[in-house]
Amino acid sequence: MLDHFADALGVRLTPQEAPILAALLDRAGDDRSVVGVAKTFWGTKRPYIGKDAAPICEARTAHLAGNPDYPSGHSAHGEHVAMILAEVAPSRADALYARGRDYAESRWICGSHTVSATEAGLQAGAVIYAAEHRSAAFRFDIDMARAEVAAALAKAGAK
């Protein structure tokens, strides 16, 4: 997770350098498990299935084909992580939101998802993030991660 957003964040962090942030992002991944429930419920096929000539930029594995299209878990991940990181590094928010959007949109550009699955994933990521804010523990972890990331950005000389 940290590598996917390192350029937008302005610093490449490891879990050892940012243990609070790493733990927060790991727990946030658990919160996104509801996306899998929605995928199972809708059970829509990926857009390339049954279309041998349809472009796709990743391997056409049985695992991928068996993982429904809607909503996109990668898109939910991109939006959700971008929102968390933008809160802990507000000076980098524009770049982080753009990276999250690019990460999400790459799924339909790549041919792995439909546009509607990508959009639903983006919405899911935002809703999950909003729901997490109801938790005092989540807000405390955000505050702790903000201090951790601020120190790392200062050390790296990033804004």
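As the structure is a prediction and not an experimental result, all values here were calculated from the model.

The next subject is the overall build of the protein. When helices and strands are counted, the protein shows eight helices and zero strands. If you list the helices and strands of the protein from N to C, you get α-α-α-α-α-α-α-α. In terms of C-alpha radius of gyration, the protein reaches 17 Å, essentially the compact-globule figure of 15 Å for 159 residues. Over its C-alpha atoms, taken along the principal directions, the protein stretches across nearly 50 × 30 × 25 Å.

So, on to helix α5 (residues 73–88). Compared with an ideal rise of 1.5 Å per residue, which puts 16 residues at 22 Å, α5 spans 22 Å between its outermost C-alpha atoms and is within 8% of the ideal. Here α5 lies mainly inside the structure; 13 of its 16 residues are buried. Sitting at the amino-terminal end of α5 is Ser-72, which places a side-chain oxygen 3.4 Å from the backbone nitrogen of His-74.

Let us now look at the packing of α5 against helix α6 (residues 93–110). Packing of α5 against α6 brings their axes to within 8 Å, and their N-to-C directions diverge by 175 degrees. The angle between α5 and α6 falls in the class roughly antiparallel. Along its contact with α5, which presents His-74, Ser-75, His-77, Gly-78, Glu-79, Ala-82, Met-83, Leu-85 and Ala-86, the element α6 presents Ala-93, Leu-96, Tyr-97, Gly-100, Tyr-103, Ala-104 and Arg-107. Here the contact of α5 with α6 is composed, by residue class, of nine nonpolar, five polar and two charged.

A full pass over the atoms with the stated rule returns one disulfide. Each sulfur of the disulfide joining Cys-57 and Cys-110 lies 1.8 Å from the other. Looking along the S-S bond of the Cys-57-Cys-110 disulfide, the torsion reads about -125 degrees, which is the left-handed sense. Pair noted here: Cys-57 is in the loop between α3 (33–42) and α4 (62–66) and Cys-110 is in helix α6, with a separation of 53 residues, a long-range link. Judged by its relative accessible area of 58%, Cys-57 is exposed.

Time to look at the layout of surface pockets. To find leftover empty space, a probe the size of one water molecule is rolled over the atoms. Within this model, the largest pocket holds a volume of roughly 160 Å³. Looking at the largest pocket, the residues that line it are Lys-39, Arg-46, Glu-58, Thr-61, His-63, Leu-64, Asn-67, Gly-73, His-74, Arg-107 and His-113. Listing elements by their share of the lining of the largest pocket, those giving two or more residues are α4 and α5. Its residues placed into classes, the lining of the largest pocket shows one nonpolar, six polar and four charged.

Calculation rules
Residues numbered from 1 in each chain as written. Predicted model: local features only at pLDDT ≥ 70, side-chain atom pairs only at ≥ 80, totals over all residues. Heavy atoms only, no water. Helix = DSSP H or I, 4+ residues; strand = E, 2+ residues; numbered from the N terminus. Rg over C-alpha atoms; globule rule 2.2 N^0.38 Å. Expected span 1.5 Å × (residues − 1). Buried < 20%, exposed > 50% of the residue type's maximum accessible area, 1.4 Å probe, protein only. Polar contact = N/O pair within 3.5 Å; in protein donor to acceptor, adjacent residues only side chain to side chain. Axes fitted to C-alpha atoms, helices over the stretch in contact; angles between N-to-C directions. Parallel < 35°, antiparallel > 145°, perpendicular 65-115°, else oblique. Contact = heavy atoms within 4.5 Å. Nonpolar A, V, L, I, M, F, W, Y, C, P; charged D, E, K, R; others polar. Disulfide = S-S within 2.5 Å. 1 Å grid on protein atoms, 1.4 Å probe; cavity = no way out; pocket = protein on both sides within 12 Å on 5 of 7 lines; lining within 4 Å. Points joined across faces, edges and corners; volume = space filled by probe spheres on them.

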